[in-house]
Every structure is written in structure tokens, then in C-alpha cells.
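Structure assessment
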Amino acid sequence: MFINTKELFYILDNTPACQNIMLVGKHGIGKSRILEEYYAAKGQKVVTLFLGQMSDPGDLLGLPEKNLESGKTDFMLPYWFPTDGKSVVLFLDELNRARPELLQTIMDLALNRKLAGKSLPEGSRIISAVNAGNEYQLTELDPALVSRFNIYNFQPSVEDWLDWAEKSSIDNRIIEFIKENPHYLDSFDSDSQDFERSPDRRSWERTSQVIKKISNLGQVQKILVSGIVGNKATSAFFAFLEKNDFPRPKEILLGDIKKVEEKLSKESFSQINTISSSLFDFIEGGSFSEQEKAKIIENFKEYFDLLEKLGLREIQAAFVSKISAKKYPKTLNLISEFSSDFYKELLNFIDKE
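Residues numbered from 1 in each chain as written. Predicted model: local features only at pLDDT ≥ 70, side-chain atom pairs only at ≥ 80, totals over all residues. Heavy atoms only, no water.

1. Thoughts on the overall build of the protein
Summing up its helical and strand segments, the protein has 17 helices and ten strands in all. Overall, the protein is about 80 × 45 × 35 Å in size when its C-alpha atoms are taken along their principal axes. Sorting the 353 residues of the protein into buried and exposed places 46% on the buried side. Put simply, 72% of the contacts in the protein that link residues at least 6 apart link residues at least 24 apart. On the protein, roughly 18600 Å² of surface is accessible, and the fraction owed to carbon and sulfur atoms is 48%. Side chains of the protein carry 45 positive and 53 negative charges; the gap between the two charge centres is 2 Å. (Helix = DSSP H or I, 4+ residues; strand = E, 2+ residues; numbered from the N terminus. Buried < 20%, exposed > 50% of the residue type's maximum accessible area, 1.4 Å probe, protein only. Contact = heavy atoms within 4.5 Å. Areas by Shrake-Rupley, 256 points an atom, 1.4 Å probe, with all protein chains shown as cover. Lys, Arg positive; Asp, Glu negative; His and termini not counted. Charge placed at Lys NZ, Arg CZ, Asp CG, Glu CD.)

2. So, the environment of Pro 329
By the secondary structure assignment, Pro 329 is in helix α16 (residues 329-338). Put simply, Pro 329 and Glu 314 are 15 residues apart on the chain and 22 Å apart in space, counted from C-alpha to C-alpha.

3. Here we look at the packing of aromatic side chains
By convention here, two paired aromatic rings are described through the distance between centres and the angle between planes. Counted by the stated rule, this structure contains 20 aromatic pairs. Between the aromatic rings of Tyr 38 and Tyr 39, the centroid separation amounts to 5.1 Å while the plane-to-plane angle is 80°, which identifies the pairing as edge-to-face. As far as the burial class goes, Tyr 38 and Tyr 39 line up, both buried. Aromatic side chains Phe 237 and Phe 238 sit 5.7 Å apart centroid to centroid with 85° between the ring planes, which places their arrangement in the edge-to-face category. Exposure remark for Phe 237: the relative accessible area of 0% places this residue in the buried category. By relative accessible area, Phe 238 is classed as buried at 7%. By way of ring pairs, the aromatic residues Phe 280, Phe 300, Tyr 303, Phe 304, Phe 319, Tyr 328, Phe 342 and Phe 349 are connected into one cluster. The residue whose ring lies beneath Arg 33 is Trp 164, and the NZ or CZ to ring-centre distance is 4.0 Å. (Phe/Tyr/Trp six-rings, centres within 6.5 Å; stacked < 30°, edge-to-face > 60°. Lys NZ or Arg CZ within 6 Å of the ring centre and 35° of its normal.)

4. Describing the side chain of Ser 128
Assignment of secondary structure puts Ser 128 in strand β9 (residues 125-130). Not counting residues within four places of it along the chain, the set of residues in contact with Ser 128 comprises Ile 21, Met 22, Leu 23, Phe 91, Leu 92, Leu 95 and Phe 149.

5. So, the pattern of salt bridges
When the charged atoms of two side chains lie near each other, side chains of opposite charge can form a pair. Summed over all chains, the structure comprises twelve salt bridges. As a salt-bridge pair, Asp 163 and Lys 167 come within 3.2 Å of each other at their nearest N and O atoms. You can see Asp 163 and its partner Lys 167 sitting in helix α6 (residues 158-167), four residues apart, about one turn around the helix. We classify Asp 163 as partly exposed; its relative accessible area is 40%. A salt bridge links Arg 201 to Asp 186, with the shortest nitrogen-to-oxygen separation between them at 2.9 Å. Taken as a pair, Arg 201 in helix α8 (residues 201-211) and Asp 186 in the loop between α7 (172-180) and α8 lie far apart in primary sequence, 15 residues in all. Residue class for Arg 201 comes out buried when judged on its relative accessible area of 5%. (Salt bridge = Lys/Arg side-chain N within 4 Å of Asp/Glu carboxyl O.)

6. Some points on the environment of Ser 32
Position of Ser 32 among the secondary structure elements: in helix α2 (residues 31-40). With 97 residues separating them in the primary sequence, Ser 32 and Ala 129 have C-alpha atoms 8.8 Å apart.

7. Brief notes about the packing of α7 against α8
Where α7 meets α8, the axes come as close as 9 Å, and the angle between the chain directions of the two elements is 145°. Where α7 approaches α8, its residues Arg 173, Ile 174, Phe 177 and Ile 178 are matched on the opposing element by Trp 204, Thr 207, Ser 208 and Ile 211. Tallied by class, the residues present in the contact of α7 with α8 amount to five nonpolar, two polar and one charged. (Axes fitted to C-alpha atoms, helices over the stretch in contact; angles between N-to-C directions. Nonpolar A, V, L, I, M, F, W, Y, C, P; charged D, E, K, R; others polar.)

8. Here's the deal with the nonpolar core
By size, the foremost hydrophobic cluster in this structure holds 31 residues, and its most contacted members are Ile 252, Leu 253, Phe 300, Tyr 303, Phe 319, Ile 323 and Phe 342. Put simply, the parts of the chain that give this core at least two residues each are α11 (249-254), α12 (257-266), α13 (269-285), α14 (290-309), α15 (313-324), α16 and α17 (340-352). Examining the composition of this core, we find that seven residues originate from one element, α14, more than from any other. In this view, Phe 319 contacts Ser 276, Phe 280, Phe 300, Tyr 303, Phe 304, Leu 307 and Phe 342; residues no more than four positions away in its chain are not counted. Within the second largest apolar cluster, 28 residues are counted, among which are Leu 49, Trp 80, Ala 110 and Ile 126. (Core = buried A, V, L, I, M, F, W, Y, C linked by side-chain atoms within 4.5 Å.)

9. Comments concerning the pairing of β9
Most of β9 is tucked away, with six of its six residues classed as buried. Residues Arg 125, Ile 127 and Ala 129 point to one face of β9 and Ile 126, Ser 128 and Val 130 to the other, with burial holding for every one of them. With four bridges joining them, strand β2 (residues 20-24) and β9 adopt parallel strand pairing. Within β9, the position partnered with Met 22 by the bridge is Ser 128. Two strands pair when backbone bridges link them, and strand β6 (residues 88-93) and β9 are joined in this way by four bridges, in the parallel orientation. Residue pairing for β9: Val 89 is matched across the bridge by Arg 125. (Pairing = 2+ DSSP bridges.)

Pasting the structure below:
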């Protein structure tokens, strides 16, 4: 049985901190990011240790030193060990990639919450992650160690990722592509040759970072993207873009918005909502001349009014909430600088909601 993100959150909320949790899943599905964001919202720190990258128990335990008072050997606390007395979530990533000598150290940590005789703060939680599959080079785990964890097969759903992607301003072209082609979200070819890329959630996030400021993607960008998600996914993605000629942020904000009105009227609710979010990202991430700034705000207002014309008040409300929440300070500053009337219109909209 596989659990999705919402089910994972329920498990985290209802499992005592003294019980360890092990998540079994593929690489690149966002395990560490999901945990960090979840516990950050609760005000709790997540300490992530990549055990597969540690070559010596000293990386985990800290270095030995002589205690001048007792004459015995102590271990200097490692860099990650909490010293402020506040509980932490210790995320042991790549547990089944760790060297056998490291796993012996993990045994005491998992059972007694101790490391070289020093205890983790009260209320601290231990979560581990392991990869499963023939494509990985793995270390066999001792059954005694495995028995100290509650084990769950974790596979975030496509809907989980899409929800996160929209909140995290992933490029709207990628979001729409995955909505239509969900099988391209995760790796689909475990038998590919060495150094042959295939997509995963992490690689789509990287793709978004490199294409977000580029309105029109061409052959050069296709080559760039192929090294991130692989040739097969790249070909499908660019074919999708050619078929779905939805308005781009630059086309809306720096072009003739009258020409995109017909396109927008034919788009789905979710697509227009995604396009709206992309406008904010375009403004926040760009560098514009004074003339371009004035044009952007003029079209920004036209777009907002167009949403009302199309009967999309719910998207208008989401649009205004982004500004009122001050998540996009550059956009807010441009509106107040170049169009006081538009600024007042937005405030009036808020008052009516």
C-alpha cells in the first residue's frame, strides 16, 4: 500500500515522536522538501543528514577528543547536533546507502535517541528515507535496525505535486503539461542506459527555474531542457507547447492585450488561474525599463478588468490576494508608482470581499 502526501501528514500528526518513521520511495519525489515545509509551518527545525555521502562514523558522531578533567575520550558534537534544547526532526536520508559502520551508530540513535552518550532534546523525532528498486546501489539493512521504524511506502500523487507547483510558482507551461500528461511527472524508464536522463519531480522544478523568464522556447532551450528531464519528456513537452498556444506573460504584459483576449476566453478556469500567477512571477523576476514598467502596469490593469468581463471573480479575488499578502513586493511597488487609480481599484475590491 502506498501513501500520498495528505496521508503522510496524518501519520506524522498521529505518530508519537518516540516512534521512528521510515519512508520508502523513489528518488526525486520531494521527500526532504515535503518534510521541511511541513515542519517549518509548525515552527520545528528539520535536520537532514545524507547518510550516503558520509564516509566515516566521525561524520555522524563528531571527532574524538580527550576530556582534560576525566582523562577519558569524548566526542565533539557534530555540526548538526542541537545544543539549544529545542526538539528537532532528524531526517536520515539515503539510510540504505550508508556504509555498514555508519548503520551501527544509527542503531543507538534510533533506539535510545542518543549519539555517543549525548541525548537528542526531548520531543525530537527521527524519520528515515530509503530507496527501493533494482536500479539503485544499496546497502542491506539489518532487520534489527529496520524493526525500529514504522515503515510506509510513500508516493506523492500527481495532484499533490500540482497543488504544490501552483503554490510554488512553477512555470505554468510545465503545470499544464503535467495536467495533460501526468505519466511524465516521474521517471518512467528504470532500464535506461547510464547517464540517460528521465524526468522526476525535482528535475521539473529545475526546468522551471531555467525557462521561467523565457516566453518563447526554441531549439536552443529544447537542448537545454533535454539535459534536465531527458529527450523523451522534452520532445513531448515541446510538442505540447506547439499544440497549446496559450498566452505567455510577456505577450500579455508587454504586448497588445486586446489580441490575447480571445485566447483567454477559450482557456479553462484552471489555466487562466495559472496564467494569472505567472504574471506575478514575470514581474518579480524581470528587469524592465521605465517605459516597459508603465506598459506592464497598464496591461496588468487591463488583464484584471478582463477577468471581471469574463465572469471570473474568483480568479480576481485570488489575483488581489497575492498583492494584499505582499508576497510580490516588486509588483505592489510598480502598481503604486505607475497607477494610483489601479491601486485604489484593488483596495476597493478587497473592501467588498
